[in-house]
Amino acid sequence: MDKVVLVTGANSGIGLALCERLLSQDSGVRLCLACRNSGRAEAARSALLTSHPGARVDLLDLDVGSVRSVLRAAQEVKARYPRLDHLYLNAGIMPNPHVDIKAFFKGLFSSKAIQMFSTAEGLLTQQDRPTTDGLQEVFTTNLFGHFLLVRELEVLLCGAGRPSQVVWTSSSNALRSAFSLEDLQHATGTEPYSSSKYASDLLSLALNRHHNAQGLFSSVICPGLVMTNLTYGILPSFFWTLLMPIMWFIRIFTNTLTLTPYNGAEALNWLFLQKPESLDARAKYHSMTSGLGNNYTQPRQVGLTQARRHGNLLTCATMPEQCVHGGLCQPCRNTGSSPHQRSL
């Protein structure tokens with residue numbers, strides 16, 4: 001049976017680059033592009049079919065920032081396919097990003113310049129807002145909507161005779177300092193993107209702990225610094241024009257500046273070729289590009305000092321039926337009547 005692959009956020013950037021790479025190496029794969037903009041999704045499908053005329057490329061209307069859209073899309077997927085082999089959770093947003101210009105120029109001419117370009121630590125803040133579901137937009141789009149999709153599609157992912165793979169697109173900006181279990185949605189903070197990406201790292205650990213026995217395996221990747229619509233929205237275009245020569249030079253010293261969507265999709269593509277059960281559940285797989293332009297994937301251990309504790313409590317916040325604290329921990333008390341209970 002040919003592999004069925006669903007990719008969220010597949011109409012541009014890393015998601016579209018991944019689809020192109022998958023079709024180039026496996027013409028038998030059946031792709032499902034899950035996108036919220038139907039016009040862009042159709043354009044992406046047409047582009048893929050132009051370069052791969054015999055490919056099977058389906059479209060799915062999905063806005064992971066809307067609980068109703070996720071539930072509706074999940075029902076459609078279950079009606080279409082008997083199973084899912086790969087689920088790439090790639091869609092993400094960084095609304096209204098603001099850069100601390102003073103910190104940027106201070107870091108640019110310091111010994112921390114490479115780290116600054118690699119992680120954007122201390123530079124980026126965002127302005128989040130609630131959705132019509134009453135949840136924070138970044139939290140819902142980057143984390144909760146994807147988690148809800150996984151829960152709704154468990155029947156296709158678990159126990160179907162062969163292992164399935166769930167892959168989260170995380171970030172080098174996934175910082176523990178931005179994450180708090182007391183403010184899981186980061187409603188009172190200024191780094192919701194960083195918080196949501198760190199939470200996705202933790203949630204992947206939790207999914208492996210609770211679902212490996214059913215044949216579902218979860219991994220996390222970091223695409224490196226990629227120039228996509230999301231990245232270009234951080235700074236004015238003339239800034240990027242000035243910075244690009246510097247970034248190409250810095251790539252001689254750090255291979256995390258992948259820069260193009262094709263390079264950024266390296267780890268996603270590499271994971272597709274692996275046996276899910278053979279992967280390290282505690283690793284984040286990084287897309288890397290050498291100064292000579294050679295792509296490779298490098299696994300790095302997720303920081304586990306606080307991750308185990310956070311992972312246990314995040315499980316309580318998202319899968320309360322598996323709480324090991326008798327329902328008395330703070331996350332379980334905070335969930336109340338959250339929409340996630342619909343998926344349990």
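Look up a bit, the structure's there.
Residues numbered from 1 in each chain as written. Predicted model: local features only at pLDDT ≥ 70, side-chain atom pairs only at ≥ 80, totals over all residues. Heavy atoms only, no water.

Caption draft 1: Helix 2 (residues 38-51), seen in detail. Along its 14 residues, helix 2 runs 20 Å from first to last C-alpha, staying within 8% of the 20 Å computed at 1.5 Å per residue. Turning to helix 2, its buried residues number three or more, namely A41, A44 and L48. All buried residues of helix 2 fall inside an arc of 65° around its axis, so they share one side. For helix 2, the side-chain oxygen to backbone nitrogen distance between the N-cap and G39 is 3.1 Å, and the N-cap itself is N37. (Helix = DSSP H or I, 4+ residues; strand = E, 2+ residues; numbered from the N terminus. Expected span 1.5 Å × (residues − 1). Buried < 20%, exposed > 50% of the residue type's maximum accessible area, 1.4 Å probe, protein only. Arc of directions from axis to C-beta. Polar contact = N/O pair within 3.5 Å; in protein donor to acceptor, adjacent residues only side chain to side chain.)

Caption draft 2: Quick look at a nonpolar patch on the surface. A cluster of nonpolar side chains, namely F249, I252 and F253, defines an oily patch on the protein surface of about 350 Å² accessible area. Locating F253 in the fold gives a position in the loop between helix 10 (237-250) and helix 11 (261-264). (Patch = residues over 30% accessible without salt bridge, like charges linked within 9 Å, V, L, I, M, F, W, Y side chains within 5 Å. Areas by Shrake-Rupley, 256 points an atom, 1.4 Å probe, with all protein chains shown as cover. Salt bridge = Lys/Arg side-chain N within 4 Å of Asp/Glu carboxyl O.)

Caption draft 3: Highlighting the environment of Q214. When you line up the elements, Q214 lands in the loop between helix 8 (192-211) and strand 8 (216-222). Note: C-alpha distance between Q214 and E154 (60 residues apart in sequence) is 9.5 Å. Setting aside residues up to four positions removed in sequence, Q214 forms contacts with C158 and G159. (Contact = heavy atoms within 4.5 Å.)

Caption draft 4: Molecular detail of unusual backbone geometry. One non-glycine residue, H186, lies in the positive phi region at around 60°. Of note in this structure, L259 is not a glycine but carries a positive phi near 70°. Along the polypeptide, L259 turns up in the loop between helix 10 and helix 11. A residue is classified by how much of its surface remains accessible, and L259, at 3% relative accessible area, is buried.

Caption draft 5: Up close: the pairing of strand 1 (residues 4-8). Most of strand 1 sits inside the fold, with 5 of its 5 residues counted as buried. Residues V4, L6 and T8 line one face of strand 1 and the alternating positions V5 and V7 line the opposite face, and both faces are buried. Judged from the 5 bridges that link them, strand 1 and strand 2 (residues 30-35) form a sheet pairing that is parallel. Bridge assignment links V5 to a residue of strand 2, and that residue is L31. For the crossover from strand 1 across helix 1 (residues 13-25) to strand 2, the handedness is right-handed. As defined by bridge partners, strand 1 adjoins strand 4 (residues 86-89) across 3 bridges and the pair is classed as parallel. Residue pairing in the sheet places L6 in a bridge with L87 of strand 4. (Pairing = 2+ DSSP bridges. Right-handed = clockwise from strand over helix to strand, strands pointing away.)

Caption draft 6: Focus on the environment of S219. Take S219: it is sitting in strand 8. Relative accessible area serves as the criterion here: at 4%, S219 is assigned to the buried category. C-alpha separation for the pair S219 and V167, spaced 52 residues apart in sequence, amounts to 4.9 Å. Filtering out sequence-adjacent residues up to four positions away, S219 remains in contact with V166, V167, W168, S204, L271, L279 and Y285.

Caption draft 7: Representation of the side chain of N255 within the structure. Mapped onto the elements of the fold, N255 is located in the loop between helix 10 and helix 11. Engagement of the side chain of N255 in a polar contact is seen with the side chain of Y296, the distance being 2.7 Å. Aside from chain neighbours lying at most four places away, what touches N255 is S287, M288, T289, S290, G291 and Y296.

Caption draft 8: Highlighting empty space enclosed by the protein. By the definition in use, this model includes 1 cavity of 30 Å³ or more. A volume near 40 Å³ is recorded for the largest cavity. Residue lining of the largest cavity: F139, L143, F179, L184, Q185, H186, P192, S195, S196 and A199, and that is the complete set. Only helix 6 (137-152) and helix 8 provide two or more residues apiece to the lining of the largest cavity. Top element by residues in the lining of the largest cavity is helix 8. It accounts for 4 residues. Split into classes, the residues belonging to the lining of the largest cavity amount to 6 nonpolar, 4 polar and no charged. (1 Å grid on protein atoms, 1.4 Å probe; cavity = no way out; pocket = protein on both sides within 12 Å on 5 of 7 lines; lining within 4 Å. Points joined across faces, edges and corners; volume = space filled by probe spheres on them. Nonpolar A, V, L, I, M, F, W, Y, C, P; charged D, E, K, R; others polar.)

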